[in-house]
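Chain by chain, the residues:
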Amino acid sequence: LDKALLHDPENPESCQALADLRLSQGRKGEALTLVRRTVELCKNLPVGLVPSYDFRAVTARLLVELSEYDMATAILDELLGEDDEDTEVWYLLGLCHMLGGRPKACREALNEAKALLEKTGTTNDHLLDQITSLLARRAVSESEKTKFWNPRWWVHGDGASRPHEESGGATKEMTLNLPALSAKAPSDALATDASLVGGLGGG
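Note that residues are indexed from 1 along each chain, following the sequence as it is written. Selection of residues for local features in this predicted model requires a pLDDT of at least 70, selection of side-chain atom pairs for listing and counting requires 80 or more, and totals for whole chains, interfaces and linings are taken over all residues. Side-chain numbers come from the whole structure's heavy atoms, not from hydrogens or water.

### Remarks on the overall build of the protein
By the criteria applied, helices consist of DSSP H or I runs no shorter than four residues and strands consist of E runs no shorter than two, each listed in order from the N terminus. When helices and strands are tallied, the protein shows nine helices and two strands. For every residue, the accessible area obtained with a 1.4 Å probe (protein chains only) is divided by the maximum for its type, and the residue is called buried under 20%, exposed over 50%, and partly exposed between those limits. When each of the 203 residues of the protein is scored for burial, the buried share is 48%. Should any heavy atoms of two residues lie within 4.5 Å, those residues are considered in contact. Restricting the contact set of the protein to residue pairs at least 6 apart, pairs at least 24 apart contribute 62%. All accessibility values rest on the Shrake-Rupley procedure with a 1.4 Å probe; residue burial counts only the protein chains present in the view. If you sum the accessible surface of the protein, you get close to 9,800 Å²; carbon and sulfur atoms cover 51% of it.

### Some remarks on the pattern of salt bridges
Basic side-chain nitrogens of Lys or Arg form a salt bridge, by our definition, when they fall within 4 Å of a carboxyl oxygen of Asp or Glu. As enumerated under the stated definition, the model contains eleven salt bridges in all. One salt bridge connects Glu68 with Arg36, and the closest N-O pair in it is separated by 2.9 Å. Of the two residues, Glu68 sits in the loop between α4 (53-65) and α5 (69-82) while Arg36 sits in helix α3 (residues 28-43), which places them 32 residues apart along the sequence. Judged by its relative accessible area of 19%, Glu68 falls in the buried class. For Arg36, a relative accessible area of 40% puts it in the partly exposed group. The residue Arg61 makes a salt bridge to Glu88 at a minimum N-O spacing of 2.3 Å.

### Looking at the packing of α4 against α5
For any two helices packed against each other, one specifies the crossing angle of their axes together with the interaxial distance. In this description, a line fitted to the C-alpha atoms serves as the axis of each element, helices being fitted only across the stretch in contact, and the angle between N-to-C directions of two axes falls anywhere from 0 to 180 degrees. Following both chains from N to C, one finds α4 and α5 inclined at 155°, their axes separated by 8 Å at the closest point. It follows that α4 is roughly antiparallel to α5 by the angle criterion. In the packing of α4 onto α5, the handedness of the crossing is left-handed. Note on element contacts: α5 touches α4 through Tyr69, Met71, Ala72, Ile75, Leu76, Glu78, Leu79 and Glu82, opposite Tyr53, Arg56, Ala57, Thr59, Ala60, Leu63 and Val64. Of the residues that constitute the contact of α4 with α5, the class distribution is eleven nonpolar, one polar and three charged. Working rule for angles: under 35 degrees goes down as roughly parallel, over 145 as roughly antiparallel, 65 to 115 as roughly perpendicular, anything else as oblique. Crossings are classed by handedness, with left-handed meaning an anticlockwise turn of the near helix from the far one by less than a right angle and right-handed meaning a clockwise turn. Basically, the charged four are Asp, Glu, Lys and Arg, the nonpolar ten are Ala, Val, Leu, Ile, Met, Phe, Trp, Tyr, Cys and Pro, and anything else, Gly included, counts as polar.

### A few points about the nonpolar core
Generally speaking, a soluble globular protein has its nonpolar side chains buried in company with each other. Each nonpolar core is a collection of buried residues, namely Ala, Val, Leu, Ile, Met, Phe, Trp, Tyr and Cys, held together in the definition by side-chain atoms within 4.5 Å. Core analysis: the largest hydrophobic core is formed by 45 residues, its most contacted members being Leu76 and Leu134. Among the secondary structure elements, those contributing two or more residues to this core are α2 (12-24), α3, α4, α5, α6 (87-99), α7 (103-120) and α8 (125-135). No other element matches α6, which puts nine residues into this core. Apart from residues lying up to four places away in sequence, Leu134 is in contact with Tyr91, Leu95, Met98, Cys106, Leu110, Val140 and Phe148.

### A few points about the confidence of the model for the protein
The pLDDT value expresses, per residue, how confident the predictor is, ranging between 0 and 100. Averaged over every residue, the pLDDT of the protein is 75; the share at 70 or more is 68%. Across residues 153-203, confidence stays below pLDDT 50; counting only partners more than four residues off in sequence or on other chains, it has 122 contacts.

### A closer look at the side chain of Gln16
Here Gln16 is to be found in helix α2. Taking the relative accessible area as the measure of exposure, Gln16 reaches 0% and is therefore buried.

### Overview of the side chain of Glu144
Its location among the elements puts Glu144 in the loop between α8 and α9 (145-148). For Glu144, the residues in contact, after removing those within four places along its chain, are Arg137 and Ala139.

### A short note on the environment of Gly94
Within the secondary structure, Gly94 sits in helix α6. By relative accessible area, which is 0% here, Gly94 ends up buried. For the pair Gly94 and Asn111, spaced 17 residues apart in sequence, the C-alpha to C-alpha distance is 8.9 Å. Setting aside its immediate chain neighbours within four residues, Gly94 contacts Cys106, Ala109 and Leu110.

Laid out in structure tokens, this is it:
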């Protein structure tokens, strides 16, 4: 991955994959620098080339794990603008608001996640328990975060989010060499779609 970045330092896929690797190695400072760089690169992609939904979801998860809640919130809000029935995104948004000291916004997001679980009849007792526990809290400290957020939940078992369906139209996508952190296998990294230009939290 280091060699890949040296060969192509403007590649957000390699940057994000290396951020995930550094995080798994406990090298959080390097991981944070790399994931911030990933966001920056995605904002400056050529016109018509944008990060896919799943790529941005992985970026948001990395940011949550690295306690970059405002940046993660911006990406999660963007994702919900494209798909407001993604339970995982609602849950992560609620957790970001709680850890960012916004309990009212947290409750609103968590209630959306809970309503979606009930609406779809999804059997995910663990997530429902987590939502209920978090709704009962007025605050959550950084040291308690792992009680409510394990970034590998969606690798094993029945993931909290529903599979994200691609909209119609042809897209070009590049391979993302990351652990499967989303309900949909992240072989879809960057998509070409002029209607989605704006990238990660870009304006």
